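# Architecture and fold: a report
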Amino acid sequence: MNRRQFVKRAVGGSAALLAAQAVASNSSGLRDFDSYVSSKKSGWAVEAPDVLTPLENVTNYNNFYEFGMDKSDPAQYASAMTLDPWSIRVSSDGGKTVDVQFEDLLRAMDLEERIYRLRCVEAWSMVIPWLGFPLADLIRWLDPQENYRFVHFQTRYTRSEMRGTRSFSSVIDWPYQEALRMDEAMNTLSFIAVGLYGKSLPAQNGAPLRLVVPWKYGFKSIKSIASIHFTNRQPETSWQAIAPHEYGFYANVNPEVDHPRWSQRYERRLPSSLFNPNRIPTQMFNGYGEYVADLYKNLNLRRYY
Ligand SMILES: Nc1nc2c(c(=O)[nH]1)N[C@H]1C(S)=C(S)[C@@H](COP(=O)(O)O)O[C@H]1N2
Ligand SMILES: [Mo]
C-alpha cells in the first residue's frame, strides 16, 4: 500500500478518530469540571482537562531543531525533507547491518491509535492522537539476535535539506540521537508513530516515523528515524551531551526534580495564552506511573533524572 492509503485502511475513514475524540471528551465530564472549580479557588486561572490539542497547535508549535529553533520553523521548513524513499539502517554490536525500507516495515505492523500526553522539558504540553504501533512489535520484527541492553536511534541528517543544521547557533552535534534501556523500549507504552489525527505524520512532527515515549520529556521522542542500533553500552544522547547537568539519560517527567533553570511542578497545556494560561500541575511520569513506575523501582530518580 502506498503511504496515503495505509492510513485510510488503518482507521477505517474517520470513525476511529471520532471514537478517539469521544474517549477524550468522556474524560472532560463532571470530574474535570470539579477540578476546574477547585483550581479557581486555589488561585489558578484555568485547569485544562485532557482534551485533544487542536491539530493547528500540534502542527505549528514544534521542536525540530534540524529546521530551526523557533516553534514555527519546523512547520515552515521541514517539508524540504525528502521522505520518499525512506530507509532505516538497522544494526547491532557485533551483528550485521541491514537497510529496511519504510514501506516494508509498515506493511509488517498493525496500526492502532493512541492518545498520549506529550510533556516538553520546557514545561508546555499537548494531548495528541497518534497512529502507529508499539516499539516492542518493531523490535520483535527486527529480531536482534541477542538480548541487548539498549536501543539507540538517530534522526536522518541531510545537511542540504535541514537549514537548522547549517546554522551557526546550532548546538547539537548532528545527527540528533536518543536511546532507551531495552526494558523501557519493550514497555507497552513505547510507541512508533507514523501518523497523527488519522493522517500520515506531517514532516514537522517527524515524518515518516518517530518515537513517542509519553512518560518522558519530549526530547526523548526522536523524530524522523533513520537508524536503529542495538547495543550493550549506554549510548550518548543529544541533549545529555549538550548539558548533562540539565538533561539526563532517563528524562522521566518528574515534578519533584526541577530543571536547574526552571520549575517542573506545573506545565502550560496548549493552546494557552496570556489570559488563559492553562497552567496545570505536572504528574509523576506524566501520569503513566501505573505502567512504568516498576521500571525504576531500584533507581534514585533524583540522581538519574
Ligand atoms: N530529531 C529531532 N527529534 C526531536 C526534536 C528535535 O529537535 N529533533 N525535539 C524533541 C522535543 S524537545 C520535543 S518536545 C518533541 C516535540 O514533538 P512535536 O513537535 O511533534 O510536538 O520532539 C522531540 N524530537
Ligand atoms: Mo521538548
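Residues numbered from 1 in each chain as written. Chains lettered and ligands numbered in written order. Predicted model: local features only at pLDDT ≥ 70, side-chain atom pairs only at ≥ 80, totals over all residues. Heavy atoms only, no water.

### Things to note about the pairing of strand β3 (residues 112–119)
Two strands pair when backbone bridges link them, and β3 and strand β4 (residues 124–134) are joined in this way by eight bridges, in the antiparallel orientation. Counterpart to Glu113 in the pairing with β4 is Leu131. Hairpin remark: β3 followed by β4, antiparallel, with four residues in the connecting loop; positive phi at Ala123, about 80°. (Pairing = 2+ DSSP bridges. Helix = DSSP H or I, 4+ residues; strand = E, 2+ residues; numbered from the N terminus.)

### What to know about the site of ligand 1
The full set close to ligand 1 counts 17 residues, and Asn62, Tyr65, Glu66, Thr155 and Lys223 are the nearest of them. One of the side-chain N or O atoms of Thr155 is found 2.8 Å from a nitrogen atom in ligand 1. The side chain of Asn205 places a nitrogen or oxygen atom 2.9 Å from an oxygen atom of ligand 1. Calculation on ligand 1 without its partners gives an accessible area of 530 Å², and the protein chains cover 98% of this total. (Near = heavy atom within 4 Å. Polar contact = N/O pair within 3.5 Å; in protein donor to acceptor, adjacent residues only side chain to side chain. Areas by Shrake-Rupley, 256 points an atom, 1.4 Å probe, with all protein chains shown as cover.)

### Comments concerning the pattern of salt bridges
Evaluated as defined, the whole model comprises 14 salt bridges. The shortest N-O distance in the salt bridge between Glu122 and Lys71 comes to 3.1 Å. One end of the pair, Glu122, is in the loop between β3 and β4; the other, Lys71, is in the loop between α4 (55–58) and α5 (73–77), and 51 residues separate them in sequence. According to the relative accessible area criterion, Glu122 is partly exposed, its value standing at 29%. Here Lys220 ties to Glu178 by a salt bridge, and the two come within 2.7 Å at their closest N and O atoms. Residue Lys220 is located in the loop between β9 (210–212) and β10 (225–231), and its partner Glu178 is located in strand β6 (residues 177–181); the two are separated by 42 residues in the primary sequence. The exposure classification of Lys220 matches that of Glu178, with both residues buried. (Salt bridge = Lys/Arg side-chain N within 4 Å of Asp/Glu carboxyl O. Buried < 20%, exposed > 50% of the residue type's maximum accessible area, 1.4 Å probe, protein only.)

### Observations concerning the confidence of the model for the protein
Averaged over the protein, the pLDDT score is 89; the fraction of residues at 70 or greater is 84%. Long-range and interchain partners of residues 1–46, a stretch whose pLDDT sits below 50, account for 53 contacts in this model, where long-range means more than four residues apart. (pLDDT = per-residue confidence, 0-100. Contact = heavy atoms within 4.5 Å.)

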